[in-house]
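Working through the structure, step by step
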Amino acid sequence: MKNILVIGGAGYIGSHTVRALAKRGYNPVVFDNLSKGHREAVKNFPFEQGDLQDKKRLSEVFKKHRIEAVMHFAAFIEVGESVQNPAKYYQNNTAGVLNLLQALIENQIPYFVFSSTAAIFGEPVREKIDETHPQHPINPYGNSKLMVEKMLADFDVAYGLKSTALRYFNASGADDSGEIGESHSPETHLIPLILQTAIGKRKSIKIFGTDYPTADGTCIRDYVHVNDLARAHILALEKMEKDKVSERFNLGSGNGYSVAELIAKAKEITGVDFAVEQAPRRAGDPAVLVADATKAKRVLGWQPEYDLTRIIQTAWNWEQHRKY
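Let me sum up the structure you'll find in this document. Only a predicted model underlies this, so the values are computations on that prediction, with no experimental measurement involved.

Here we have three strands laid out as an open sheet, ordered β12-β9-β14, and mixed in their pairing. At either end of the open sheet lies a strand with only one pairing partner, and these are β12 (257–258) and β14 (288–289). As paired elements, strand β9 (residues 220–221) and β14 share two bridges and run parallel to each other. Among the inter-strand pairings, I220 is bridged to a residue of β14, identified as V288.

Pasting the structure below:
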């Protein structure tokens, strides 16, 4: 297997995965509608513009590049927006992927790697979340992803489509080269927002909720470097091709850091004592989300290589010299 279509490949995690695939000897082809992605992030790779809801366009690209497997990154990801505008999320994240899956079956493409999310679990009922944790999303974003996971299970039984769903916790950091990194518009992820405050692009960073049942009252999250996630996609693809089995994996560091701890670490790394504001909680935010990635380590041989310090350092390097 060599020719891999990366849908949403001009986006944050997609573009890092495209690079990782190329380094591993694959031929990645980027498919993106550029509503969120950046052409500059994948300027050295084959690029096809299109939307995952356009089945005819997908089939054209599958045939043109003799695609043998597909990776999907083309989701809307903002929890708060999903609460305010759920239709947008179900249309793209769920109906769009259904259209894609039908195109895969029609074109006899046997392998699919899906970027899922820890949001499918909702409020944790135990300290760390493994694959057996109950799945009760508390926002439309999480629901839109869980619906796809259920579709994938049905498509395996009915059509033999093999899939791997990777449930990320908080994707973060940037490539060590500084050539690509995190760039959303509007930006909603905490680490880039903090670093944009440190560099002076924002007047302050807001902490949404200081009354959670945690040690310092702020939300706790598990941060995993984008290159570690990219590597997991390749390991998942290779395992799926070898064993012909569909799988689900949680991907995180296994370490939880509060918003307050993250801000303190960023101040230490940047050397900037930037302003911090307190704000009310946001709808749909669980208090704690930390992964138990034991299964990914055991089955895939995957191990995160970046700790929190290095995550913030790579993100800070990108923020200081960003290309797009």
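Attention now moves to the environment of I77. Looking at the secondary structure, you find I77 in the loop between β4 (69–72) and α3 (79–84). Sequence separation between I77 and T188 is 111 residues; the distance between their C-alpha atoms is 9.4 Å.

Here the focus is the sheet that holds strand β11 (residues 247–251). In spatial order, the strands read β3-β2-β1-β4-β5-β6-β11; together these seven strands make up an open sheet with parallel pairing. Two strands in the sheet have a free side with no partner beyond their single neighbour: β3 (47–49) and β11. Neighbour-to-neighbour, the strand axes of this sheet turn through a mean angle of 20 degrees, independent of strand direction. By the bridge criterion, five bridges tie strand β1 (residues 3–7) to strand β2 (residues 27–32) in an arrangement that is parallel.

A separate point is empty space enclosed by the protein. Within this structure, the stated rule accounts for one cavity of 30 Å³ or more. There is about 50 Å³ of room inside the largest cavity. Surrounding the largest cavity, G173, E182, P192, L195, A315, W318 and E319 form its lining. If you list the elements that add at least two residues to the lining of the largest cavity, you get α6 (190–199) and α10 (308–320).

Considering the arrangement of structural elements, one finds A87 in helix α4 (residues 86–106). Given a relative accessible area of 53%, A87 falls into the exposed group. A sequence separation of 50 residues divides A87 from G37, and the C-alpha atoms of the two residues are 21 Å apart.

Moving on, we get to the nonpolar core. Within the largest apolar cluster, 35 residues are counted, with the highest numbers of intra-cluster contacts made by I4, I13, L237, L251 and W302. At eight residues, the largest contribution of residues to this core is made by helix α7 (residues 226–243). Sequence-distant contacts of W302, that is, excluding residues within four places in its chain, are made with V224, D228, R231, A232, L235, L251, G252, A293, A296 and K297. In this structure, L52, L58, V70 and L100 belong to the second largest nonpolar core, which totals 24 residues.

In the segment running from S185 into P186, the intervening peptide bond is cis, with an omega of 0 degrees. Note on placement: P186 falls in the loop between β7 (170–172) and α6. Non-glycine residue L34 carries a positive phi angle of around 65 degrees. Relative to the assigned elements, L34 resides in the loop between β2 and β3. You can call L34 partly exposed: its relative accessible area is 28%. At K244, a position not held by glycine, the phi torsion is positive, near 55 degrees. Note on placement: K244 falls in the loop between α7 and β11.

As for its position among the elements, H72 is in strand β4. Excluding anything up to four places from it in sequence, H72 contacts I7, L52, V97, L100, F112, V113, F114 and S115.

Time to look at the layout of surface pockets. The space that makes up the second largest pocket amounts to roughly 230 Å³. In terms of lining residues, the second largest pocket is bounded by 14 residues, among which A20, K23, N227, A230 and R231 are the most central. Of all elements in the fold, only α1 (12–23) and α7 reach the threshold of two or more residues within the lining of the second largest pocket. Per element, the largest residue contribution to the lining of the second largest pocket is five residues, and it comes from α7. Of the residues contributing to the lining of the second largest pocket, the split by class is six nonpolar, two polar and six charged.

Definitions and cut-offs
- Residues numbered from 1 in each chain as written.
- Predicted model: local features only at pLDDT ≥ 70, side-chain atom pairs only at ≥ 80, totals over all residues.
- Heavy atoms only, no water.
- Pairing = 2+ DSSP bridges.
- Helix = DSSP H or I, 4+ residues; strand = E, 2+ residues; numbered from the N terminus.
- Axes fitted to C-alpha atoms, helices over the stretch in contact; angles between N-to-C directions.
- 1 Å grid on protein atoms, 1.4 Å probe; cavity = no way out; pocket = protein on both sides within 12 Å on 5 of 7 lines; lining within 4 Å.
- Points joined across faces, edges and corners; volume = space filled by probe spheres on them.
- Buried < 20%, exposed > 50% of the residue type's maximum accessible area, 1.4 Å probe, protein only.
- Core = buried A, V, L, I, M, F, W, Y, C linked by side-chain atoms within 4.5 Å.
- Contact = heavy atoms within 4.5 Å.
- Nonpolar A, V, L, I, M, F, W, Y, C, P; charged D, E, K, R; others polar.

The values are spatial; any link to function lies outside them.
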